[in-house]
Amino acid sequence: MRIRAQVAMVMNLDKCIGCHTCSVTCKQTWTNREGTEYVWFNNVETKPGIGYPKHYEDQERWKGGWKLDGKGRLVLRSGGRAKRLSRIFANPDLPSIDDYYEPATFDKDILVTAPAGLTDTPVKRPHSALTGEPMAVTWGANWEDSLGGQSGQDDPNLARMATKVKFEFEKTFMFHLPRICEHCLNPACVSACPSGAMYKREEDGIVLVDQDRCRGWRMCVSACPYKKVYVNHATGKAEKCTFCFPRIEAGQPTVCSETCVGRLRYLGIVLYDEDAVLAAASVEDEHELLDAQRAVFLDPDDPEVERAAREAGMADEWIDAAKRSPIRKLISEYKIALPLHPEYRTLPMVWYVPPLSPVLDAAGAAGRDDTDADDVFHTIRELRIPVEYLAELFTAGDTDAVSGVLMKLAAMRSYMRARTLDGTVAEELLDSIGMTGEQVEAMYRLLAIAKYDERYVIPAAHAKEAAALDAQAAGCSLDREGGPGMMTLTPVRGRS
Amino acid sequence: MTTLLWVVLPYACLAVFAAGHVWRWRHDQFGWTTHTSQLLESRLLRLGSPLFHLGAFGVIGGHAMGLLIPESLTERLGVPEDAYHVVSVGGGTVTGLMLVAGLSLLIARRFVNGRVRRVTTTMDKVLYACLAAMVVLGMTATVGKNLLGGGYDYRETIAVWFRGIFYFHPHSELMTGAPLVYQLHALGGFLFLALWPFTRLVHVWSAPMAYLWRPYVVYRGRRRPAPAPQPAPAAVRDAGRDPVSSGH
């Protein structure tokens, strides 16, 4: 057993209102530079939808992530090492910038420089940030927001479903899906990087690109099935979500978490066994991948695990944080958080509490009582569409697994409703989901009213290391040319 | 003049080549990249780039063969002069044409596509111009002189001079009798080497062969110590707030 700690995130999708505050604050912090105009380390998609970049979930086309070969061995979907090097001169799986969108800027000058006395009001027009030419804005990172446009039916997840979804107004459903880098346990991007510039940090599992060692071979971009590694077209290097590591090291939550209006993000430590990763990612049955990944995680309350962690040199505050981790509770104890697309076999570490709202909407539309657990249970069992869709996203199509989570959420609602309104305890509800009243109330507290310190349990970096202050004297490592400098701001070169 | 052109200039260029690389490696790791523009334009690149690179491998291999292998060695191995000529002119023409086609596509791409044109730096333009000039001179020599013309045995003059540079025994007099196109190509070649470390060509030295045997997932510890621990987030947020009214 090789024990490691991983900083992980869970997002409770029922609480996401699609306000994009996380995306905007992330962009202001990390990617408002030349070359990264089109890059959103954090984006919020409306599902069903084709996403950003377009159709990124269609791995037949993009060849992202891992698959099992004929002999059951884990291989990158885009091929082995020699094949990758043979395609280094032109990567056939690389999305073009039009698969993201052509970034635009506006000639706002005209608003103040237009001569007085014009009969027409001056209008600022969009110009391409790539060519400087006037352009029509026809796509963007959230073009399909709230089912806008007609692209929802092209969602690759819908194509895989047994039940066909009709996009009729009365029957439709939607929810928001905020996405960042998954900081996977078995990252395909790191595995595809020819230069070895991408790495997973030993201390906290954060996946980073060494900007000084990246040579621009752009294999990481196509290997990531979530398309969360980007080419900076000004520097010619790969960039990605850093999990806001300077903040995490200081014991603070990421910018997207900190600024989340719905307070739907949770951050914490998960302990895992690095030696178990490969076997878990190689499980044959895709429906077993969820449990296989859960089995990689270690229980910090187990004295054996605690001893091993200490032997591996893990600090007390890290072990303590692992014990108090909201992530561990949501993933391993309550088992209501699910990974996004486990079938990519990267063992992602940003998990989601699936939204109950599409099911509640369906229950309402079917004339049922969406506050009654039995009615909701019936809807989950009978109305296949929202459940099958959620299963494609979170359980590799296993509807039983996703139904189980939805039933827990529905039961929790009913249970707490009865407790609050008339003080009764619905024992049969508890039996149906296999949880105790105490657990359900603790789960309710974590999902509904958890305070800042309960949602974000982040130990500061190792105290012994932290004592060395020379790093600060040497300046900030992000403060360099082409980088998201935090001490001095380089103005973005004018484009229009 | 002969000494200046065929002795001083090659050594000066080689010195710039070596020192330039040391300087660039030490001071510009961040700029050491292929500077890919495939994101911006893929259609022409997918044809042009492999043609150019594979052609370049062939051309570089051909130069190594022609310049580094002494004529005496092929004679001793019993390779007839005709066979050598067929291989060198044939191989040179095929890989040279690949290089010409690839380079033309890549240059055209920089002119035609506004997005790529916009990210083309001055150094890129200089590099493309030099590459084009070198390729034109080289193809003139191979196709014009050796395939269509009477032929010129560079192995008795240019190759000997070239090897002499590395033995610190350059026979500059051997170059004075070479045809002009060969002279220009040789001089251009050394000037091109001097330009090399300051262009995106440095990516050649980062050809990722180690990828073939390294473990897939790379783990790395923090190189620098982490910053000092900060006060708990809630404490920062609540600082200055009335503790009683700080309801969440």
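This is a predicted model, so every value here is computed, not measured.

So, on to the overall build of chain A. Looking only at helices and strands, chain A has 24 helices and 15 strands in total. By the compact-globule yardstick of 23 Å for 496 residues, chain A fits well, its C-alpha radius of gyration being 24 Å. Across its three principal directions, the C-alpha atoms of chain A cover 75 × 60 × 50 Å. Across the 496 residues of chain A, 50% fall into the buried class.

Helices and strands together make up the secondary structure of chain B, namely 10 helices and one strand. With 248 residues in all, chain B has 24% of them scored as buried. Put simply, of all contacts in chain B between residues at least 6 apart along the chain, 82% involve residues at least 24 apart.

On to the nonpolar core, then. In a soluble, globular protein the nonpolar side chains are often hidden away together inside. In this structure, V10(A), C189(A), C220(A), L271(A) and L406(A) are the most contacted members of the largest nonpolar core, which totals 144 residues. When residues of this core are assigned to their parent elements, the largest contribution, 10 residues, is made by helix 19 (residues 399–422) of chain A. In contact with L406(A), not counting residues within four places along its chain, are P354(A), L356(A), V359(A), I380(A) and V387(A). Ranked by size, the runner-up nonpolar core spans 11 residues in total, among them L137(B), F162(B), M175(B) and A186(B).

Our focus in this paragraph is the sheet that holds strand 9 (residues 207–209) of chain A. Strand order in the open sheet formed by three strands is 9(A)-8(A)-1(B), and the pairing between neighbours is mixed. Edge positions in the sheet fall to strand 9 of chain A together with strand 1 (219–220) of chain B, since each of these pairs with one other strand and no more. As judged from the three bridges shared by strand 8 (residues 198–201) of chain A and strand 9 of chain A, these two strands associate in the antiparallel manner. Bridge pairing links K200(A) to V207(A) in strand 9 of chain A.

Moving on: the sheet that holds strand 12 (residues 265–273) of chain A. Within a beta sheet, neighbouring strands are joined by backbone hydrogen bonds and run either parallel or antiparallel to one another. All names here are of chain A. Read across the sheet, five strands follow the order 13-12-1-15-14 without closing on themselves; strand pairing throughout is mixed. With one partner strand each, in any of the chains shown, strand 13 (297–298) and strand 14 (338–339) form the two edges of the open sheet. The sheet strands contacting helix 15 (residues 326–333) are strand 1 (3–12), strand 12, strand 13 and strand 15 (350–353), and the helix crosses strand 12 at an angle near 70°.

Attention shifts here to the environment of Y344(A). Residue and element names in this part refer to chain A. When you line up the elements, Y344 lands in the loop between strand 14 and strand 15. In the structure, Y344 is positioned 52 residues away from A396 in sequence and 8.9 Å away in space, judged by C-alpha atoms. Residues within four places of Y344 in sequence aside, it is in contact with G64, G65, W66 and P225.

Residues and elements named next belong to chain A. By the burial criterion, the buried members of helix 14 (residues 316–323) are W318, A321 and A322. In a view along the axis of helix 14, the buried residues occupy a sector of 100°, so they form one face of it. Where helix 14 is buried, its residues touch strand 1, strand 12 and helix 15.

Our focus in this paragraph is unusual backbone geometry. All names here are of chain A. Between K47 and the following residue, P48, the backbone shows a cis peptide bond with an omega angle of 0°. You can see P48 is positioned in the loop between strand 2 (43–47) and helix 2 (59–62). The step from Y52 to P53 runs through a cis peptide bond, and the omega angle for that step is -5°. You can see P53 is positioned in the loop between strand 2 and helix 2.

So, about the pairing of strand 10 (residues 229–232) of chain A. Residues and elements named next belong to chain A. Taking every second residue as pointing to the same face, both faces of strand 10 are buried, with V229 and V231 on one and Y230 and N232 on the other. Pairing analysis gives four bridges linking strand 10 to strand 11 (residues 237–240), with the strands arranged antiparallel. Of the residues in strand 11, the one forming a bridge with V231 is A238. Adjacent in sequence and paired antiparallel, strand 10 and strand 11 are bridged by four residues, among which G236 carries a positive phi angle near 75°.

To continue, consider the pairing of strand 2 of chain A. Among the five residues that make up strand 2 of chain A, five are buried, leaving the element largely enclosed by the rest of the structure. Every second residue of strand 2 of chain A is oriented toward a common face, with N43(A), E45(A) and K47(A) on one face and V44(A) and T46(A) on the other, all of them buried.

The next thing to look at is helix 16 (residues 357–365) of chain A. All names here are of chain A. What helix 16 keeps buried is the set P358, V359, L360, A362 and A363. Tucked inside the fold, the buried residues of helix 16 contact strand 7 (175–179), helix 17 (373–382), helix 18 (384–394) and helix 19. Once helix 16 finishes, G367 follows within two positions and takes phi at roughly 75°, a positive value.

Take the confidence of the model for chain A next. All names here are of chain A. Of all residues in chain A, 93% have pLDDT values of 70 or greater, and the mean over the chain is 90. Here residues 466–475 is modelled with pLDDT under 50, and outside its nearest four sequence neighbours on either side it reaches 13 contacts, counting other chains as well. Note that pLDDT drops below 50 for residues 486–496; the model gives that stretch 18 contacts with residues more than four away or on any other chain.

Below, the discussion takes up the packing of helix 17 of chain A against helix 19 of chain A. All names here are of chain A. For the pair helix 17 and helix 19, the least separation of the axes is 9 Å and the interaxial angle reads 165°. By the angle between their directions, the pair helix 17 and helix 19 is classed as roughly antiparallel. In terms of crossing hand, the pair formed by helix 17 and helix 19 is right-handed. In this structure, helix 17 uses A373, V376, F377 and I380 to contact helix 19, whose residues at the interface are S403, L406, M407, A410, A411 and S414.

The subject of this paragraph is the confidence of the model for chain B. Residues and elements named next belong to chain B. Summary statistics for chain B give a mean pLDDT of 89 and a share of 89% for residues scoring 70 or more. For chain B, helix 10 (residues 233–238) is the element with the lowest average pLDDT, namely 64, and helix 2 (residues 43–68) is the one with the highest, namely 96. Scored as a whole, the predicted complex attains pTM 0.89, and scored at its interfaces, ipTM 0.86.

Turning our eyes to something else, we now look at the environment of G18(A). Relative to the assigned elements, G18(A) resides in the loop between strand 1 and helix 1 (21–31). Residue classification places G18(A) among the partly exposed positions, given that 17 C-beta atoms sit within 10 Å.

Turning to the packing of helix 1 (residues 2–27) of chain B against helix 9 (residues 180–195) of chain B, a few remarks are in order. All names here are of chain B. It is at 7 Å that the axes of helix 1 and helix 9 come closest, and there the two elements cross at 25°. By the angle between their axes, helix 1 is roughly parallel relative to helix 9. Considering the relative orientation of helix 1 and helix 9, their crossing is left-handed. Residues L5, L9, P10, C13, L14, V16 and F17 of helix 1 form the contact with helix 9, whose own contacting residues are L187, F190, L191, L193 and A194. Class assignment of the residues belonging to the contact of helix 1 with helix 9 gives a composition of 12 nonpolar, no polar and no charged.

Reading the values: rules and limits
Within each chain, residue numbers correspond to sequence positions counted from 1 in written order. To read the labels, note that chains go from A and ligands from 1, taken in the order they are written. Side-chain atom pairs in this predicted model are given and counted only at pLDDT of 80 or more, local residue features only at pLDDT of at least 70, and totals for whole chains, interfaces and linings cover all residues. In DSSP terms, a helix is any run of H or I states spanning at least four residues, a strand is any run of E spanning at least two, and both are numbered starting from the N terminus. It is over C-alpha atoms that the radius of gyration is taken, and the globule rule equals 2.2 Å times the number of residues to the power 0.38. Put simply, a residue is buried when 20 or more other C-beta atoms lie within 10 Å of its own C-beta and exposed when 12 or fewer do; between those, it is partly exposed, and each C-beta is set from the backbone. Whether two residues are in contact depends on their C-beta atoms, placed from the backbone: they are in contact if these lie within 7 Å. Linking buried Ala, Val, Leu, Ile, Met, Phe, Trp, Tyr and Cys residues through C-beta atoms within 7 Å yields a set, and such a set is a nonpolar core. For two strands to pair, DSSP has to find at least two bridges joining them. Fitted lines through C-alpha atoms serve as axes, helices being fitted only where they are in contact, and the angles separating the N-to-C directions of these axes extend from 0 to 180 degrees. Comment: arc refers to directions from the helix axis out to C-beta atoms. pLDDT: the predictor's confidence for each residue, scored from 0 to 100. Working definition: roughly parallel below 35 degrees, roughly antiparallel above 145 degrees, roughly perpendicular at 65 to 115 degrees, and oblique for all remaining angles. Should the near helix be turned anticlockwise from the far one by less than a right angle, the crossing is termed left-handed; should it be turned clockwise, right-handed. Here the nonpolar group is Ala, Val, Leu, Ile, Met, Phe, Trp, Tyr, Cys and Pro; Asp, Glu, Lys and Arg are the charged ones; every other residue, Gly included, is treated as polar.

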